[in-house]
Amino acid sequence: MTHRIRGSVKLISKQGKVFGVIVGDDLRDYFFIPSCLKSPPQFLTIEINAVVEFTPRSTERGMRAWNVSVLPLMERSHGESFQS
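A. Layout of the overall build of the protein chain. Looking only at helices and strands, one finds zero helices and five strands in the protein chain. Counting from the amino terminus, the protein chain carries its helices and strands in the arrangement β-β-β-β-β. Pairs at least 24 apart in sequence give 55% of the contacts found in the protein chain among residues at least 6 apart. Accessible area for the protein chain stands at about 5500 Å²; split by element, carbon and sulfur atoms hold 52% of it.

B. Summary view of the pattern of salt bridges. Counted by the stated rule, this structure contains three salt bridges. For the salt bridge of Glu 53 with Arg 6, the shortest nitrogen-to-oxygen distance reads 3.9 Å. Taken together, the residues span a long stretch of sequence, with Glu 53 in strand 4 (residues 51-59) and Arg 6 in strand 1 (residues 5-13) at a distance of 47 residues. Using a relative accessible area of 19% as the deciding quantity, one classes Arg 6 as buried. The partner of Asp 29 in a salt bridge is Lys 10, and the shortest N-O contact between them spans 2.8 Å. Separated by 19 residues along the polypeptide, Asp 29 in strand 3 (residues 29-32) and Lys 10 in strand 1 bring together distant segments of the chain.

The rules we used
All residue numbers here refer to positions counted from 1 along the written sequence of the relevant chain. Local features in this predicted model are restricted to residues whose pLDDT is 70 or higher, and side-chain atom pairs enter the listing and the counts only when it is 80 or higher, whereas totals over whole chains, interfaces and linings include all residues. Side-chain numbers come from the whole structure's heavy atoms, not from hydrogens or water. Secondary structure elements follow DSSP: runs of H or I of four or more residues count as helices, runs of E of two or more count as strands, with numbering from the N terminus. In this analysis, two residues are considered to be in contact whenever any of their non-hydrogen atoms come within 4.5 Å of each other. Note on areas: Shrake-Rupley with a 1.4 Å probe; residue coverage comes only from the protein chains shown. Any carboxyl oxygen of Asp or Glu that lies within 4 Å of a side-chain nitrogen of Lys or Arg is treated as forming a salt bridge with it. Whether a residue is buried, partly exposed or exposed follows from its accessible area with a 1.4 Å probe, protein chains only, as a fraction of its type maximum: under 20%, in between, or over 50%, in that order.

Have a look at this one:
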């Protein structure tokens, strides 16, 4: 079973090439595109600093975030701190 980690959205580009970057709780950067979200339409409303959970994968082009889920406020732990 693959593990899931948490992170926060560090960068979002919604014009031209559409993509995002998440900084994981392991402080690594993970690239993602809309199809990597569990709900791709969510990409239209995702914002910088949104807390997410995802499955990390190493690819030929670097680290990727798959099955990205934006966490509702009530699921975020108090005192969590994500660096961007």
